[in-house]
Each structure stands twice: as structure tokens, then as C-alpha cells.
Amino acid sequence: MSGGAEPRTAARPPLVRPRPAPSPVRRGGVLGTVMAALGVAAFSLTFPATAWGLEGLGPWSLVGCRLALAGLVAGGALAALRVPPPGRRHWPGLLVVAGGVVFGFPLLSTLALRTSTTSHAAVVVGLLPLTTAVYAAVRTAKGARRCRKGESAQALRNEGPSTVDRRQRLRRPGGGPTPKRGSRPTPKFWAAAVVGAAVIVAFALEQSGGAPTIGDLYLFGALLVCAAGYGEGARLAGHMPGWQVIGWALVACLPLSVAGAAVAMTTEPVHLTAHAVAGALWLALGSQFLGLVVWYRGMAAIGVARASQLQLAQPLLTLVWSVLLLGEHLTWAAPAAAVAVLVCIGVTQRAGANRQKQP
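Residues numbered from 1 in each chain as written. Predicted model: local features only at pLDDT ≥ 70, side-chain atom pairs only at ≥ 80, totals over all residues. Heavy atoms only, no water.

A. Spotlight on the pattern of salt bridges. Within this structure, the stated rule accounts for 1 salt bridge. Of the charged contacts, one joins glutamate 232 and arginine 235 as a salt bridge, the two residues approaching to 3.0 Å between their closest N and O atoms. Of this pair, glutamate 232 and arginine 235 both sit in helix 7 (residues 214-236), 3 residues apart, roughly one helical turn. For arginine 235, a relative accessible area of 29% gives the class partly exposed. (Salt bridge = Lys/Arg side-chain N within 4 Å of Asp/Glu carboxyl O. Helix = DSSP H or I, 4+ residues; strand = E, 2+ residues; numbered from the N terminus. Buried < 20%, exposed > 50% of the residue type's maximum accessible area, 1.4 Å probe, protein only.)

B. Spotlight on the packing of aromatic side chains. Across all of its chains, the model carries 6 aromatic pairs by this definition. Pairing phenylalanine 43 with tryptophan 295 gives two aromatic rings, centres 6.0 Å apart and planes at 75°, and the pair type is edge-to-face. One end of the pair, phenylalanine 43, is in helix 1 (residues 24-43); the other, tryptophan 295, is in helix 10 (residues 274-302), and 252 residues separate them in sequence. With respect to class, phenylalanine 43 is no different from tryptophan 295; both count as buried. Seen from their ring centres, phenylalanine 47 and phenylalanine 105 are 6.5 Å apart, and the 25° between their planes marks the pair as stacked. Of this pair, phenylalanine 47 sits in helix 2 (residues 46-53) while phenylalanine 105 sits in helix 4 (residues 91-112), and the two are 58 residues apart along the sequence. Just as phenylalanine 47 is buried, phenylalanine 105 falls in that class too. Counting every residue linked through ring pairs, the aromatic cluster contains Phe43, Tyr230 and Trp295. (Phe/Tyr/Trp six-rings, centres within 6.5 Å; stacked < 30°, edge-to-face > 60°.)

C. Quick look at the packing of helix 3 (residues 59-80) against helix 4. It is at 9 Å that the axes of helix 3 and helix 4 come closest, and there the two elements cross at 150°. Considered as vectors, helix 3 and helix 4 are oriented roughly antiparallel to each other. Taken as a pair, helix 3 and helix 4 cross one another with a handedness that is right-handed. In this structure, helix 3 contributes Pro59, Trp60, Leu62, Val63, Arg66 and Leu67 to the contact, and helix 4 contributes Val102, Phe103, Pro106, Leu107, Thr110 and Leu111. A class-by-class count of the residues in the contact of helix 3 with helix 4 yields 10 nonpolar, 1 polar and 1 charged. (Axes fitted to C-alpha atoms, helices over the stretch in contact; angles between N-to-C directions. Parallel < 35°, antiparallel > 145°, perpendicular 65-115°, else oblique. Left-handed = near helix turned anticlockwise from the far one by under 90°. Contact = heavy atoms within 4.5 Å. Nonpolar A, V, L, I, M, F, W, Y, C, P; charged D, E, K, R; others polar.)

D. Local environment of the nonpolar core. Formed by 70 residues in total, the largest nonpolar core has its most connected members in Val101, Tyr230, Ile246, Trp295 and Tyr296. Per element, the largest residue contribution to this core is 10 residues, and it comes from helix 10. Excluding anything up to four places from it in sequence, tyrosine 230 contacts Phe43, Val101, Leu128, Thr132, Leu292, Trp295, Tyr296, Met299 and Gln311. Formed by 5 residues, the second largest nonpolar core is a distinct cluster that contains Ala49, Leu62, Ala280 and Leu283. (Core = buried A, V, L, I, M, F, W, Y, C linked by side-chain atoms within 4.5 Å.)

E. Spatial organisation of the side chain of glutamine 288. Structurally, glutamine 288 is set in helix 10. Polar side-chain contacts of glutamine 288 include one of 3.0 Å to the backbone oxygen of valine 101. Other than its neighbours up to four places away in sequence, glutamine 288 contacts Arg66, Leu67, Ala70, Val101, Val102, Pro106, Ile246, Leu250 and Leu283. (Polar contact = N/O pair within 3.5 Å; in protein donor to acceptor, adjacent residues only side chain to side chain.)

The structure is reproduced here in C-alpha cells:
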């Protein structure tokens with residue numbers, strides 16, 4: 001322009017910085033916590049449903065029908081989705097899951113409930129988070145020693161292209177959350193876990209009079225095998241979706257469960273009532289299949305130790321269902337125990353784990 005004036009420019013809108021997207025790891029942690037909590041809610045109905053089932057079925061018949069029905073549902077889902085069988089290296093862990101949570105815990109806990117009340121049986125659930133965390137810690141320590149001996153390179157070659165790149169926080173091909181690895185519980189975590197377990201044990205024993213019975217032996221055995229099944233299932237859920245872990249474990253036990261159910265139904269008295277049928281259906285579909293699906297997915301997302309601490313609330317939920325469904329009476333100790341357990345859960349969730357630095 002001749003006047004030497006500068007051309008006018010349109011006013012630029014103020015710069016608005018986009019909000020950062022939520023971290024995939026944080027989203028996976030929240031989802032994993034929700035999944036694990038849903039599993040705990042499903043498991044809290046296991047003992048009341050077992051008590052209902054025992055009203056019309058014998059213990060062996062109830063366990064056989066429970067496993068056979070859950071195995072048929074799982075096998076049908078695997079076949080409908082054309083899921084290929086797991087690799088040979090996964091079958092030892094699947095057999096541990098089958099022996100622990102598919103066969104061992106249902107049978108031993110059902111035998112225990114023949115002589116114990118649901119409140120007394122809740123002691124096994126109170127100790128289960130601690131034993132599961134201990135099993136996971138021992139299992140992790142053994143794996144670390146093997147890696148230090150030079151087996152880590154061979155393990156990576158066996159994993160193939162589906163191995164999770166932890167540095168890039170990639171998700172697994174199966175669509176599940178990335179497993180939380182390389183962490184160890186803090187002393188504060190362990191202290192809160194022990195205190196919470198002690199509170200639950202004291203509460204359950206106070207409800208049952210504190211006298212040990214023959215059912216305690218069954219409960220102790222159920223505690224050990226279930227901890228091993230939970231630990232191995234969480235490890236396998238890092239390689240395949242959680243529903244496939246429990247699905248293949250149920251399918252592996254299907255021949256034994258069908259044959260056992262057929263034999264038990266002919267040797268034990270059967271009186272099918274509404275309670276017996278409802279209890280057996282929930283044990284098969286809720287506790288044995290759907291509950292374990294969300295539980296394994298939750299453990300794979302947030303870690304075995306942290307997920308197992310959510311089970312500290314399970315005995316109290318079981319006692320609530322015992323009052324509503326079975327008519328059992330609770331003492332004044334229930335509110336005090338509930339507050340103490342909730343505090344312990346909060347401490348364990350905030351304590352988290354010490355993240356080890358990745359090389």
C-alpha cells in the first residue's frame with residue numbers, strides 16, 4: 001500500500017490446549033478393580049448357594065452337577081467362537097487351575113458346609129487373600145531366579161510376537177488389559193493384609209463359637225488349593241483372555257465331572273426343590289464360570305496381590321447374604337469388623353506396590 005500501513009490480519013482465537021487423554025494403564029487399573037470387585041460379589045454368594053444346593057442334593061452330586069453344567073457352558077462358548085486350544089506350555093498352569101478352583105475348592109468347601117455354618121466357612125475366604133498374595137510372591141521369586149540364570153532369552157523366544165512390550169504399554173492381542181508386572185508389595189501392604197485377614201478370622205471364629213471342627217480340615221485344604229489356582233490363573237490371564245483360562249480348565253475336567261455327576265446322582269438321595277435348583281444353577285454359572293471370568297481379568301490388570309485384597313470384603317458380604325437368604329443371626333461384631341476391613345482394603349489399595357525400574 002502506498003501509505004505504508006501494514007495490512008490488517010484477522011484476530012487469532014486463543015490457543016486452547018487439548019486435555020490429555022487418560023492413560024491406558026490407569027484405565028486398565030480402574031477396569032481391573034471393577035472386574036475384581038464383580039468377581040468378589042459373585043463369590044460372596046457361593047456359600048449360601050451351596051447351603052441351598054445341599055437341601056436337595058448330596059455333596060458329591062452338587063459338585064458334579066456344578067462342574068458338569070459349567071463345563072458344558074464353557075465348552076459351548078469356546079466352540080461357538082472357534083477358540084484354538086492353548087499351547088502346550090500353558091497346560092501345566094491350566095491343570096493347576098483345574099485342580100484348585102474347578103475341582104478342589106468346590107469339593108472341599110461343600111464337604112465342610114455339611115458340618116459348618118456359612119459364617120464359620122467364611123474363615124477360608126478371610127485367609128484366601130493373604131495366601132494368594134504369598135503364593136504369587138513365591139511364584140514371582142522363582143521366576144526371577146530362573147531369569148537370572150539365563151532363561152529369560154529363551155522365555156522371550158517362546159512367547160513369540162504376542163509378547164507385551166511393557167515399555168510402550170501396548171495392549172494384548174486378545175483385547176484384555178496389559179498385565180501389571182515387575183512390582184512387589186510394600187511392607188505397609190503386607191501389614192494391612194495381615195491385619196485385615198486377622199480381623200476376618202477373629203470375626204468368623206467368634207460367629208461360630210471359636211471351636212474347631214472336622215470342617216476346618218476341609219477348609220484349610222480348600223484354602224491352599226484355591227490360592228494356587230488363583231495365582232496360576234492370574235498368570236495365564238496375561239497370555240489369554242480370562243474367560244478362556246477358566247473355560248479350558250472346566251473343559252479339561254468335563255469328562256471327570258460328567259461321569260462323577262452321573263454316578264453320584266444314582267447313589268445319593270436327590271430331592272429337587274426350588275432352593276436346590278437355584279443354588280446349583282448359581283454355583284455353576286455365577287461362581288464357577290462368570291465370577292472367575294471377571295476375577296481373572298481383574299487380577300491380570302491390577303496384579304494378584306492387590307486384587308486378592310478386595311476379597312477381604314467377601315466374608316462380610318457372605319454373612320449379609322446368610323442373614324437375608326438363610327436366616328442366620330449376626331452379633332454386634334459385624335459393624336466393627338466391616339469398618340476394620342474397609343480400612344485395611346483402603347490401606348492396601350493406597351500402598352500399592354514398589355515399581356521396579358525397567359532396564
